[in-house]
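Commentary on secondary and tertiary structure
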Amino acid sequence: MMRTATRLAVLAALALHGCTKPVTYDLVVAGGRVMDPATSTDAVRHLGIIGDSIAIVSAEPLAGRDTVDATGLVVAPGFIDLHAHGQTTGDMQVQARDGVTTALDMEAGASPVASWYQSMEGKAPLNFGASAGHRPARFGVFHPGVAIGHGSTNPGPIVALGPQPAGANQPATPEQIAQLEAVLTQGLAEGGLGLGFGINYSPGATREEIERLFAVAARHRVPAFVHTRAFGVAPIREVVEIAAKVGASLHVVHVNSSSLGDLPLSLALLDSARAAGMDVTTEAYPYTAGSTRLESAMFNPGWQANLQVDYGDIAWPLTGERLTATTFAKYRRQGGWVVIHMMKEENVERAIAHPGVMIASDGVPFINGTGHPRGAGTYARILGHYVRERQLLSLMDALAKMTILPARRLESFVPEMARRGRIAPGAFADLTMFDAATVRDRSTFMEPMLTSTGIPHVLVNGTFVVRNGELVESARPGRPVRSTLRTP
Ligand SMILES: [Zn+2]
């Protein structure tokens, strides 16, 4: 078989010469309602796919070796999740059912970067990737010999360090900050997607340390993707100020949970920073509960005031129980994921509907069927509940928040993202087809892994990962998404 690029070039040449010989495509997506937020296209179209790419978007029917009838379905660019902690085959297969085609962990990130990408080769149904992570890098610097990789799917080394590990809680010496600068720069050189920070998880990091490391991001013209030092608008102001000072681009993760009751103030702050010329973006997930690991520094003493919750607001998914002081202490020593009921629905809705706020799942790995429903239902929940039922935002606006906005966030330093998140000749054939009248999430806090319905077909790089409503179990078309290091 001719290489895709070559075949596309041949096609382009034929088109230039006005040759009318009919082309047979590898796959035709026939007669769907193509919705492409990048161009505001909303029309019945036929897509011709060759290899991993879209070759043509046509008003006329096309002939293909294989055809999927998309009549009555919306055909959208595949959803790009900037905040996917579940970087495993199984977690990605659940996300595929929710229409996700690219799952990136920009917050926690990985360190070392290259070996983590290597460990993912051949395992990914979806396009995957991670930032160079400050928190795993910090563990590596403070605990020589401890290589975390991707902490969310491999928390073992962190748990093994016991409560209050230095890598989370101690301030860094000037030498250690210099080491972090070097490690994170190396992470960018190895393809890490910008720098990821979870400052609330590494409270030992001083403002000066964060400033020095944001400066690394600024030097290489990549954003810092940040979970802030604490909850509420003040810690968001801290990172906006630091980013402004050193000239870094900034993406504040999950503005809904990070802001709690200050959500309107946070949105106003980020809007005014953008209006002042800063490159600042944010994202939200459509649930009123958060999820994180109980042994993490987020639950250091003082957590009730920070999170504005108490023991009874924390659920231990493995048993479904709500915590008490006693079980909190026991499970914190043991380590594991918890679900924290902490947000008001009205603020979640505000965040989702706000112009420019992207949708990202913050999905955490599923363990024995337990976890948080956002890892399975985020995108269908937006389309079914918030667009169709609540009419909180238009379908096109919702799709923009899942496709072109995250693609554009990465494009400047991840060139291939200019070919994702849109439906156009030359774009990768990452496509999500759904029934706008029936698409819905099914995952709940009791059954978080229930997959979404109303999304019958999902293609990643031209290969089906979901077809006729069924997961294609063996499909592994996902590719590593890497940055191109830009030297100062
Ligand atoms: Zn977070």
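Keep in mind that this is a model prediction, so the values were computed, not measured.

This part takes up unusual backbone geometry. Of note, the bond from Ser-111 into Pro-112 is cis; its omega dihedral lies within 30 degrees of zero at -5°. Here Pro-112 lies in the loop between strand E7 (100-111) and helix H3 (113-120). Positive phi, close to 55°, is recorded for Arg-221, a residue that is not glycine.

To continue, consider the coordination of the zinc ion. Summarising the metal site, the zinc ion is bound by the protein donors Glu-107 (OE), His-227 (ND1) and His-254 (NE2), whose distances to it range over 1.9 to 2.3 Å. Each donor residue of the zinc ion belongs to the same chain, and together they define the spacing E-x119-H-x26-H. With Glu-107 in strand E7 and His-227 in strand E11 (residues 224-227), the pair connects residues that are 120 residues apart, well separated along the chain. The residues Glu-107 and His-227 share a single accessibility class, namely buried.

Turning next to the packing of helix H4 (residues 134-142) against helix H7 (residues 174-189). Two elements in contact, H4 and H7, have axes whose closest approach is 10 Å; the angle formed by their N-to-C orientations is 130°. Our classification of the angle between H4 and H7 gives oblique. Like other packed secondary-structure pairs, H4 and H7 cross with a definite hand, here right-handed. From H4, His-134, Ala-137, Arg-138, Val-141 and Phe-142 reach across to H7, where they touch Gln-176, Gln-179, Leu-180, Val-183 and Leu-184.

It is worth spelling out the nonpolar core at this point. By size, the foremost hydrophobic cluster in this structure holds 117 residues, and its most contacted members are Phe-214, Phe-299, Leu-399 and Phe-434. Mapped onto the domain boundaries, this core takes at least three residues apiece from domain 1 (4-77 + 423-471) and domain 2 (79-413). One finds Val-29, Ile-49, Ile-54 and Ala-427 within the second-largest nonpolar core, a separate group that totals 17 residues.

For the rest of this paragraph, the subject is the environment of Gly-469. Summarising the element assignment, Gly-469 is placed in the loop between strand E21 (463-467) and strand E22 (470-471). The exposure class of Gly-469 is partly exposed, given its relative accessible area of 29%. Considering only alpha carbons, one finds Gly-469 and Glu-389, 80 residues apart in sequence, at a separation of 22 Å.

With that settled, consider the pairing of strand E8 (residues 127-133). For a regular strand, side-chain orientation follows a simple rule: the groups alternate between the two sheet faces. Extensive coverage of E8 is indicated by the burial of seven of its seven residues. One ladder, built from five bridges, connects E7 with E8; its direction is parallel. Bridge pairing in E8 places Asp-105 opposite Ala-130. Once you follow E7 into H3 and on to E8, the crossover reads as right-handed.

If you check the domain split of the protein, you get domain 1 (4-77 + 423-471) and domain 2 (79-413). A straight line from the C-alpha centre of domain 1 to that of domain 2 covers 30 Å. The interface of domain 1 with domain 2 comprises 38 residues on the first partner and 37 residues on the second. Buried area between domain 1 and domain 2, summed over both chains or domains, comes out near 2,900 Å², and the portion from carbon and sulfur atoms is 69%.

What counts, and where the lines are drawn
Residues numbered from 1 in each chain as written. Predicted model: local features only at pLDDT ≥ 70, side-chain atom pairs only at ≥ 80, totals over all residues. Heavy atoms only, no water. Helix = DSSP H or I, 4+ residues; strand = E, 2+ residues; numbered from the N terminus. Donors = N, O, S within 2.8 Å, 3.2 Å for Na, K, Ca; no water. Buried < 20%, exposed > 50% of the residue type's maximum accessible area, 1.4 Å probe, protein only. Axes fitted to C-alpha atoms, helices over the stretch in contact; angles between N-to-C directions. Parallel < 35°, antiparallel > 145°, perpendicular 65-115°, else oblique. Left-handed = near helix turned anticlockwise from the far one by under 90°. Contact = heavy atoms within 4.5 Å. Core = buried A, V, L, I, M, F, W, Y, C linked by side-chain atoms within 4.5 Å. Domains from an automatic or database assignment. Pairing = 2+ DSSP bridges. Right-handed = clockwise from strand over helix to strand, strands pointing away. Buried area = accessible area lost by both parts, 1.4 Å probe.

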